[in-house]
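Below are the chains, spelled out letter by letter.
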Amino acid sequence: MYDRILVPTDGSDHADAAAETAIDLAATLNASVDVLCVVEVGPLGSISLPGERGSAEEILGERARGFVDEIAERARARDVTVATEVREGIPVREILEYAGEIDADVVVMGSRGRGGIGRMMLGSVTEGVTRHSERDVLVVGGEATALSES
């Protein structure tokens, strides 16, 4: 059914729930998981934040790396083959592009993400991916899970 599962993350609880679903699915189907975090830096990218070492871009990139590494560790603990990627850009565009590059069979996403200055992915990102993806999208959130076939 699915051999390669893409799970975008922003470190939120919703993204974690999606990651758990992706790992469970991969373990059941003997599939691999690709974990992607897209950092949407914007105009503050090269500005150093007060009290922080490094630019906003560097800080967000480090956090993103932590998000994907933590999910990768959980996948490996379940003997699931995993790859990780951190990218900068517009989340919907980067997720769709990466899904095509790796020929993902399904994208598993949380229904909501972070907001504010730490924003890397929004609930609207899930909607955008669902609307424009040529691949199946499994949306994981609260009580509802839906599979969208394109």
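Please refer to the structure higher up on the page.
S.K.: It is not clear to me how unusual backbone geometry should be interpreted in this structure. Could you clarify?
M.R.: Non-glycine residue N30 carries a positive phi angle of around 55°. Within the secondary structure, N30 sits in the loop between α1 (13-29) and β2 (32-39). Despite not being glycine, D79 shows a phi value in the positive range, around 60°. Examined against the element boundaries, D79 turns out to sit in the loop between α2 (56-77) and β3 (82-88). Given the relative accessible area of 73%, D79 is considered exposed.

S.K.: Explanation requested: a negative patch on the surface in the structure shown.
M.R.: A cluster of like negative charges, contributed by E57, E58, E62 and E88, occupies part of the molecular surface. With three residues, α2 is the single largest residue contributor to the negative patch. Relative to the helices and strands, E58 is located in helix α2. A relative accessible area of 47% means that E58 is categorised as partly exposed.

About the cut-offs
Residues numbered from 1 in each chain as written. Predicted model: local features only at pLDDT ≥ 70, side-chain atom pairs only at ≥ 80, totals over all residues. Heavy atoms only, no water. Helix = DSSP H or I, 4+ residues; strand = E, 2+ residues; numbered from the N terminus. Buried < 20%, exposed > 50% of the residue type's maximum accessible area, 1.4 Å probe, protein only. Patch = residues over 30% accessible without salt bridge, like charges linked within 9 Å, V, L, I, M, F, W, Y side chains within 5 Å. Areas by Shrake-Rupley, 256 points an atom, 1.4 Å probe, with all protein chains shown as cover. Salt bridge = Lys/Arg side-chain N within 4 Å of Asp/Glu carboxyl O. Lys, Arg positive; Asp, Glu negative; His and termini not counted. Charge placed at Lys NZ, Arg CZ, Asp CG, Glu CD.

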